[in-house]
Amino acid sequence: MTTKIKIITGFVAMIAIVACVSVIGYRSLSTASALFLDFDRIAALNTYAKESISNINTSAYYLEKFMRLSEGEDMDKALSAQEKSLASVERVLQYTVLPERRQKMEQAVARLREYVEALRQMKNAFVSWYADHLQVLNPGFDALRKILGEIGDAARRENNAAALGQMNDVWRLLADLNSAVNSFRERGLEERAAAVDKLLEQARGINERFRAALATEEEAKAFARYQEQYKAIVQNYQRHKGAVLRAEAVLTQAYGWDAELEEKISRLNMEAGEEWDRRRGEIIASNNAAQGFMLISSAFGLILGAIFALFILVGLISVLNKISAFASAVADGDFERDAGIREKGEIGNMAAAIQRIPATLKAILSDYLQLEKKIEGGNIAQKVDAGNYHGGFSILVNGTNAILARLNMVIDSIPSPVILLNKDARIEYMNKAAVAMAGPEYRGKTCKQMFNREDDGGSADALAKAAATRQPAGGETKAHPGGADLDISYTVIPLLDKENRLAALLQLLTDLTVTKAQNRKILLAASKASEISSRVAEASEEISVQV
């Protein structure tokens, strides 16, 4: 029996055991489940009801604190607590089954939603008012004081005693108005709004008398700016007064809502607790019976499951051990190891796929050995065919080819001719400089055929000396590549294999044609100069005798 069949058989048996236990224990478990679901509903209702009451009390605390201190953070906490309370009450409604209870909770949810929306509106009103107070009113009062200072300076320069006298009333009005607006912002009570309105009414006469006392155009222009800034402050205050007073009314109403909601939710919570007490004994008895049955069934199932699991694992572990031993051997370089797995099916396919790894590695190794022999013989332009491999193996082969390509590029970049010959003195490779000198059709030909050195085959043949002695040799001679007439010097370096046998020959050529031609010109010129010198000496001697 294959491992696959063992696993399938074991799983089928386990499923059969589970199905039997499930069918036999269905009735007992269904009763217990129904009771537990009911218990869970009552417990959840109780939990969410307590959360809701706690959040309602928390919100009431922060609302009361906000009424005393007017801290925006307290309003945020109150709204957050009421939103949490709304979420809890909505969950309570989900777990409420009896129609009369659901009706009460639906009313509580509707009232709480209305409450939360009212708190949001109240928060927006206060937040907007606080923001405008900081951004508009405070800077506005500062601007009024600055303008009054400018008017006072102008009045003193003009000795305007009437204006200076009226200015005292304006300064007092400004201070009282600023204080009243701050008091309204901080407490927001209706009587404080009335105090601000009263000061605004008084301001009309005071401002008018102050305007009438101004005498110069400079004072009048400054007062016009004062009036414009004063009007902006009044408009901002009037825009927010109604919203803030309505928000305060919500705060007052909130205490009644809190008490109403807490009373409804507390009553529901108490009724749920009484129901839980009534059902408790029934739930516990049913649960104990179900637990006993499940304990016996589970023990029986575990024993059978352990037997089947052991049956499966023995075969599976044996296969895994063989695969592990095979993988370790391959990792250590043993490509001849047999996994020894004769399984069929998916596990057999997996084992066959794993055993393909050393075959691929041996193929790469064989290609590399052949490549090594060819390069060792002088043919450095060889490459491994990467098309035979895939994935990481292809990357490895392409990397090797890239290294060889860079080596070829370096040798091709040498400006002097470089020739690589095999051990039979046949050309395997020439760089660009050598090809430019002798032509591209060089593979398998001899130096005689490509360069036609005059010392080739003679006693001065450095190529033959290097091949015979396996030591570097060199010489100078004439060469006639492609019919040309060149003076060259050349060096031959024998390349040996691992057994110290001749594998290839490296020949380096240097074109001395230009240098030799220049040397011949210099020698010819020196010879002619010597001849002329001799003639001059003879003529001088004859002249001396005649004299």
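Just above, that's the structure.
What counts and how
Residues numbered from 1 in each chain as written. Predicted model: local features only at pLDDT ≥ 70, side-chain atom pairs only at ≥ 80, totals over all residues. Heavy atoms only, no water. Helix = DSSP H or I, 4+ residues; strand = E, 2+ residues; numbered from the N terminus. Buried < 20%, exposed > 50% of the residue type's maximum accessible area, 1.4 Å probe, protein only. Contact = heavy atoms within 4.5 Å. Areas by Shrake-Rupley, 256 points an atom, 1.4 Å probe, with all protein chains shown as cover. Phe/Tyr/Trp six-rings, centres within 6.5 Å; stacked < 30°, edge-to-face > 60°. Core = buried A, V, L, I, M, F, W, Y, C linked by side-chain atoms within 4.5 Å. Pairing = 2+ DSSP bridges. Axes fitted to C-alpha atoms, helices over the stretch in contact; angles between N-to-C directions.

Undergrad: What is the right way to read the overall build of the protein chain from this model?
TA: Summing up its helical and strand segments, the protein chain has 13 helices and 5 strands in all. The buried share among the 547 residues of the protein chain stands at 35%. Taking as baseline every contact in the protein chain between residues at least 6 positions apart, the subset at least 24 positions apart corresponds to 64%. Put simply, the protein chain shows about 31,400 Å² of open surface, and 57% of that area lies on carbon and sulfur atoms.

Undergrad: Is there a simple way to explain the packing of aromatic side chains in this structure?
TA: For any pair of aromatic rings, the description consists of the separation of the ring centres together with the inter-plane angle of the planes. Within the structure shown, the criterion is met by 3 aromatic pairs. Ring centres of Phe210 and Phe223 lie 5.7 Å apart, and the angle between their planes is 70 degrees; this geometry places the pair in the edge-to-face category. Of this pair, Phe210 sits in helix α6 (residues 190–213) while Phe223 sits in helix α7 (residues 217–331), and the two are 13 residues apart along the sequence. Just as Phe210 is buried, Phe223 falls in that class too. Taken together, a centroid distance of 6.4 Å and an interplanar angle of 10 degrees make the contact between Tyr226 and Tyr230 stacked. Placement of both Tyr226 and Tyr230 in helix α7 is noted, with a separation of 4 residues, approximately one turn of the helix. For Tyr226, a relative accessible area of 0% translates into the label buried. Assessed through its relative accessible area of 12%, Tyr230 is described here as buried.

Undergrad: What's the story with the nonpolar core in this structure? I'm lost.
TA: Ile151, Leu177, Phe210 and Tyr226 are the most contacted members of the largest nonpolar core, which totals 31 residues. Contact partners of Leu177, with chain neighbours within four places excluded, come to Phe141, Val196, Leu199, Leu200 and Tyr230.

Undergrad: Which parts of the structure should I look at to understand the sheet that holds strand β1 (residues 418–422)?
TA: Pairing is antiparallel in the open sheet, where 5 strands are placed in the order β2-β1-β5-β4-β3. Each edge of the open sheet is held by one strand with a lone partner, namely β2 (427–430) and β3 (473–479). This sheet shows a mean twist of 25 degrees between the axes of neighbouring strands, independent of strand direction. Running over the sheet, helix α12 (residues 462–469) touches β1, β3, β4 (486–496) and β5 (502–511) and is turned about 10 degrees from β4.

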